[in-house]
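A structural walkthrough
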Amino acid sequence: MARFFDVSASRFLSRFFNSAGTQRTATNITQLEEMLRSEDGVNESNALRVAAVYACISLLSRSQAMLPLQVYRRKGDIETADDAHAVSGILAGKPNRWQTPFEFEAMMVAHKLIRGNAYAYISRLAGEVKELIPLNPARMKVEQDSNLGLRYIYRLPNGRERTYAQEDIHHRRAMSTDGIMGLSPIGVARRAIGLAMKMEAHGDKTFDNAAKPSGALKSPKPLSSEAADRLKTSFDSVYAGAENAGRTMVLEDGLEWVQIGMSAEDLQFIEGRKLQRNEIAMFFGVPPHMIGDIDRGTSWGSGIEQQSLGFLVHTLNPHLVADRQALARDLLTDAERKRYTIKHDTAILTRAEFLTRQNGLQIQYNNGVINADEWRRIEGLNPRADGRGGEYRQADGQAPAQDAGPGFQTGQAAA
């Protein structure tokens, strides 16, 4: 691989040529580091141009970001949402001055999936968390000191470095082999992604160069070069181009139109692209059917409810557990972790279709597991207007006095 540098006072320029002969240019130190780490032109930035990579990261980051995060207070076996806790305001309200909770969470998940690590500076005032400031993982270096603690060295946009203590940084890791740095899924899947990029490039060149015509004109008698050129020019002027699609074709002098079908090589190329898409999905733990591969089914079931539950259990939940534990570790004090926990509300992914949901809630209501107001809250409704929705059915199944169940007919939708 050839390499040369052009150094000036304003910027550091580097040009590389990969094995395909394509020139790549870095105009800052971050891009230069990515190029040095890359193999066959694959790095964390250009890998997102591969449709399967982008689809997996987009699916996982958006799916996790839409689940509300909440701080819960534990008292015995009972957990109650604590909206007054400062961290609740950060996670559910305003993580910083310019991002919504969805934007912040989606970005953190994307950073972890792209580079294996996600970082945010924890801004505190009088010991209370005030903001989470996202940091570019490409500029972060993590070191372990002699006391086995971690320090975070961050390169600022002006090129200077700033060192942060472990308690000042919220750090999320992907799968790790040393417990300090997470492994980048793109780095691990580099060869699979690189092959997908090469196949896309090959397909682009094939179509750009029009390497294969859609059909041919067959003549029963030999044609001179001049006659063949005249025929081609005449035919293209009438039938070639999208604006002439669908026009009636008139052939004379025994000419015959022969449709050229897909060759075995074409079919193998298409199948190869599908296999690369499935392999990339495997690295991210995403079932292929969720990124558009409808050729293959899923063993999770055929209904949307079963597929959503399978996605939550087998794909999303490991990320949720890891990230909320990282949040509790970094944002709660040692004393608070004994009394508080941080959880995602996954109800939106486990919500059954209406009739199934109502039957299940009816069973719980009849057995005294939930009351009418809890039933109504699950359905997004306000408590019963008569104030009797907080009563439970008795253990023997008898209803409270004047029981009217959830009373949907008199309720008002929640704002």
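These figures come from a predicted structure and were not determined experimentally.

Observations regarding the overall build of the protein chain
- Tallying secondary structure elements over the protein chain gives 13 helices and 14 strands in all.
- Excluding contacts between residues fewer than 6 apart, the proportion of contacts in the protein chain whose partners are at least 24 apart in sequence is 55%.
- When the accessible surface of the protein chain is split by element, carbon and sulfur atoms take 53% of a total near 24400 Å².

Quick notes on the sheet that holds strand E5 (residues 78-81)
- Reading across from one edge, E5-E4-E14 is the order of the three strands in this open sheet, with antiparallel pairing throughout. Whereas interior strands pair on both sides, the edge strands pair on one side only; in this sheet they are E5 and strand E14 (340-344). The average undirected angle you get between the axes of adjacent strands in this sheet is 40°.
- Two elements, strand E4 (residues 69-75) and E14, share five bridges in a ladder whose sense is antiparallel. By the bridge assignment, Gln70 is partnered in E14 with Lys343.

Focus on helix H2 (residues 51-65)
- The first and last C-alpha atoms of H2 sit 21 Å apart over 15 residues, in line with the 21 Å expected at 1.5 Å per residue.
- Among the 15 residues in H2, 11 count as buried, and that is most of the element.
- Turning to H2, its buried residues are Ala52, Val53, Cys56, Ile57, Ser58, Leu59, Leu60, Ser61, Ser63, Gln64 and Ala65.

Description of a nonpolar patch on the surface
- A grouping of Met66, Phe102 and Ile348 is seen on the molecular surface, where their side chains present a nonpolar patch of about 280 Å² in accessible area.
- With respect to the helices and strands, Phe102 occurs in helix H4 (residues 101-115).
- Classification of Phe102 as partly exposed rests on a relative accessible area of 37%.

A closer look at the side chain of Ser184
- The topology assignment puts Ser184 in the loop between strand E11 (169-173) and helix H5 (185-188).
- Exposure remark for Ser184: the relative accessible area of 12% places this residue in the buried category.
- A polar contact is formed between the side chain of Ser184 and the backbone oxygen of Ile114, at a distance of 2.7 Å.

Thoughts on the packing of H2 against H4
- Two numbers describe how H2 lies on H4: the axes approach to 8 Å, and their chain directions differ by 140°. By the angle between their directions, the pair H2 and H4 is classed as oblique. Seen from above, H2 lies across H4 with right-handed handedness. Across the interface between the two elements, Ile57, Leu60, Ser61, Arg62, Gln64 and Ala65 of H2 pack against Phe102, Glu105, Ala106, Val109, Ala110, Leu113 and Ile114 of H4.
- Classifying every residue of the contact of H2 with H4 gives nine nonpolar, two polar and two charged.

Quick look at the pattern of salt bridges
- This structure, assessed with the given rule, holds 13 salt bridges.
- For Glu128, the salt bridge is made with Lys130, and the minimal N-O distance between the two is 3.0 Å.
- Here Glu128 falls in the partly exposed class, since its relative accessible area comes to 38%.
- Ionic pairing is found between Arg329 and Asp330, a salt bridge with its closest N-O pair at 2.7 Å.
- On the basis of relative accessible area, Arg329 is assigned to the partly exposed category, the value being 37%.

Reading guide: rules and limits
Residues numbered from 1 in each chain as written. Predicted model: local features only at pLDDT ≥ 70, side-chain atom pairs only at ≥ 80, totals over all residues. Heavy atoms only, no water. Helix = DSSP H or I, 4+ residues; strand = E, 2+ residues; numbered from the N terminus. Contact = heavy atoms within 4.5 Å. Areas by Shrake-Rupley, 256 points an atom, 1.4 Å probe, with all protein chains shown as cover. Pairing = 2+ DSSP bridges. Axes fitted to C-alpha atoms, helices over the stretch in contact; angles between N-to-C directions. Expected span 1.5 Å × (residues − 1). Buried < 20%, exposed > 50% of the residue type's maximum accessible area, 1.4 Å probe, protein only. Patch = residues over 30% accessible without salt bridge, like charges linked within 9 Å, V, L, I, M, F, W, Y side chains within 5 Å. Salt bridge = Lys/Arg side-chain N within 4 Å of Asp/Glu carboxyl O. Polar contact = N/O pair within 3.5 Å; in protein donor to acceptor, adjacent residues only side chain to side chain. Parallel < 35°, antiparallel > 145°, perpendicular 65-115°, else oblique. Left-handed = near helix turned anticlockwise from the far one by under 90°. Nonpolar A, V, L, I, M, F, W, Y, C, P; charged D, E, K, R; others polar.

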